[in-house]
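Fold and geometry: a report
These are the residues of each chain, in order.
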Amino acid sequence: MIKQYIQDNEARMLEELFSLIRIPSVSAQPAHKPDMLRCAERWKELLLMAGVDKVEIMPSKGNPMVYAEKIVDPAAKTILIYGHYDVMPAEPFELWHSKPFEPEVRDGHIWARGADDDKGQSFIQAKAFEYMAKNNLLKHNVKFILEGEEEVGSPSLEGFIEQHKDLLACDIILVSDTSMLAPELPSLTTGLRGLAYWQIELTGPNHDLHSGHFGGSVANPINVLCKLIADVTNEDGKILFPGFYDDVEDIPAAERELVANIPFDLEQYKKSLDVEELFGEKGYNTIERTGFRPSFDVCGIWGGYTGDGAKTVIPSKAFAKISCRLVPHQDHKKISKLVADYFERVAPKSVKIKCEPLHGGQGYVCPIDLPAYQAAERAFETTFGKRPLPVRRGGSIPIISTFEDLLGVKTVLMGFGLESNAIHSPNENMPVEMIRKGIETVIHFHLEYDKV
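Residues numbered from 1 in each chain as written. Predicted model: local features only at pLDDT ≥ 70, side-chain atom pairs only at ≥ 80, totals over all residues. Heavy atoms only, no water.

**Thoughts on empty space enclosed by the protein**
Leftover empty space is mapped by rolling, across the atoms, a probe with the size of a water molecule. Counted under the stated rule, the structure contains three cavities of 30 Å³ or more. Counted as a void, the largest cavity has a volume near 60 Å³. For the largest cavity, the full set of lining residues is E249, D250, I251, P252, F292, V327, P328 and R392. For the lining of the largest cavity, the residue count by class is five nonpolar, no polar and three charged. Put simply, the second largest cavity is a space of about 50 Å³. Only helix 1 (2-21) and helix 14 (432-449) provide two or more residues apiece to the lining of the second largest cavity. Counted by class, the lining of the second largest cavity contains six nonpolar, no polar and two charged residues. (1 Å grid on protein atoms, 1.4 Å probe; cavity = no way out; pocket = protein on both sides within 12 Å on 5 of 7 lines; lining within 4 Å. Points joined across faces, edges and corners; volume = space filled by probe spheres on them. Nonpolar A, V, L, I, M, F, W, Y, C, P; charged D, E, K, R; others polar. Helix = DSSP H or I, 4+ residues; strand = E, 2+ residues; numbered from the N terminus.)

**Topic: the packing of aromatic side chains**
Under the definition given, this model contains 14 aromatic pairs. On the numbers, 5.5 Å between centres and 70° between planes, the contact of Y82 with F403 is edge-to-face. Of this pair, Y82 sits in strand 3 (residues 78-84) while F403 sits in helix 13 (residues 399-407), and the two are 321 residues apart along the sequence. For the pair Y82 and F403, one class covers both residues: buried. Considering the side-chain rings of W302 and F319, the 5.3 Å spacing of their centres and the 10° angle between planes classify their relative orientation as stacked. Residue W302 is located in strand 11 (residues 295-303), and its partner F319 is located in strand 13 (residues 317-326); the two are separated by 17 residues in the primary sequence. (Phe/Tyr/Trp six-rings, centres within 6.5 Å; stacked < 30°, edge-to-face > 60°. Buried < 20%, exposed > 50% of the residue type's maximum accessible area, 1.4 Å probe, protein only.)

**Notes on unusual backbone geometry**
With omega at 0°, the peptide bond leading from E91 into P92 counts as cis. Here P92 is to be found in the loop between strand 3 and strand 4 (104-106). For the bond running from D117 to D118, omega is -5°, close enough to zero to count as cis. Of note, D118 is situated in the loop between strand 5 (109-111) and helix 3 (119-134). For H329, which is not a glycine, the phi torsion comes out positive at approximately 90°. In this fold, H329 is placed in the loop between strand 13 and helix 11 (332-346). Taking relative accessible area as the criterion, H329 reaches 54% and is therefore assigned exposed. You will see that N427, though not glycine, has its phi angle at about 65°, which is positive. The topology assignment puts N427 in the loop between strand 17 (411-413) and strand 18 (429-431).

**With respect to the sheet that holds strand 18**
Reading across from one edge, 4-5-18 is the order of the three strands in this open sheet, with antiparallel pairing throughout. Looking at the sheet topology across the chains shown, the edges are occupied by strand 4 and strand 18. Strand-to-strand, the axes of this sheet are offset by a mean angle of 30°, without reference to chain direction. When strand 5 meets strand 18, the two strands line up antiparallel, connected through three bridges. Bridge pairing links I110 to M430 in strand 18. (Pairing = 2+ DSSP bridges. Axes fitted to C-alpha atoms, helices over the stretch in contact; angles between N-to-C directions.)

**Notes on the layout of surface pockets**
Estimates place the volume of the second largest pocket at around 380 Å³. Along the walls of the second largest pocket sit 19 residues, with E158, H332, G360, G361 and T402 positioned nearest its centre. Secondary structure elements with two or more residues in the lining of the second largest pocket: helix 11, strand 14 (352-361) and helix 13. Here the lining of the second largest pocket takes five residues from helix 13, the largest share from any one element. Classifying every residue of the lining of the second largest pocket by side-chain character gives six nonpolar, nine polar and four charged.

**Some remarks on the side chain of E69**
In this fold, E69 is placed in strand 2 (residues 65-70). Side chain to side chain, E69 and Y67 meet in a polar contact 2.5 Å long. When residues no more than four places from it in sequence are discounted, the contact partners of E69 are V52, D53, K54, V142 and K143. (Polar contact = N/O pair within 3.5 Å; in protein donor to acceptor, adjacent residues only side chain to side chain. Contact = heavy atoms within 4.5 Å.)

Note that all results are geometric; they support no functional claim without further evidence.
Dropping the structure here:
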């Protein structure tokens, strides 16, 4: 019956998803501010159609929140479903094979910005709820909270939660914003890394200089910035900020054994990325590096002349955006200050430096003995025919730890993305089959949750 419902309604459901994707709700770009409200309003329409009792577009310090609920019994358990309707910028447009905000179905995949992250995955939750509501199967209450700032660090959500704790009260939080190991290898995310993010600005001379007249006598801010960044890590992939590893725990032996049992084809991994060799912290394998260890990366660097042809200048300024993925027990606020203090301390007097924290968040761990987690395990097993593997992921959803701190409840991370979906990159996509299986799995979760 579940599969038949999905099949019978697939054309309608995909068009509804496409109506969301066509709205360029890019939270990082002020020009798309009107699109944020348009997307929130469209979500309101779709949730009402799915069967919620009420839905509100609620103000926050930033983009609006979409809150919806269906209360079948005030005394029953409550699931809060979280998602986000904002997306990453689509640039560079020239690398897309089709228009990023005009979804296309090719080779069984939906190609568009937001096809996976997170419009496609949030849509999975909405359509599973629709099935439960329209077939009068709900024995627990369901609430939705959809925000429009996840891709810029959710700056408004913490305050919103603080103000609306009673409204958001629940027994468990359900999120689809993570990925599986492979299409036929289901997995549940049991951990997420935290995040700290900065922008560095270096200023040398008070204006751009002729590189012939001044080269060799004045420090070049780009040269200095590159040296500062290069000195952060050593040849073994160790991050050298003093005190950076103080709160990093060793990987427990039992978890290392579990990781060793996860199917992983190193050669295929390298081939898929078109690299001959991998690099990371010495003493750890690829899965351990991305799930259990912190990292340091330059996300962007610029300065000087980058146009066509040559322009011989020593630039006045140089900039970089850098990030650290953090592991549980590393406090992002502590790390944020530690890194900013380090750069300001070691920068030479030939330049002025400004290291500005932009956003961050804590890591998260979900215990595998949590009843709701075990309900998710059974749901995956019903749909995919095999028990999902518990996996820690390298990505960050900072608000998950905030939910736990403020609402006192755990989150189950039921993600249906794939590494090949290219989220945050050109040609983001989502297999239609994963939309189908995702809806089916979440329906089974609702049914299993009533048994715990």
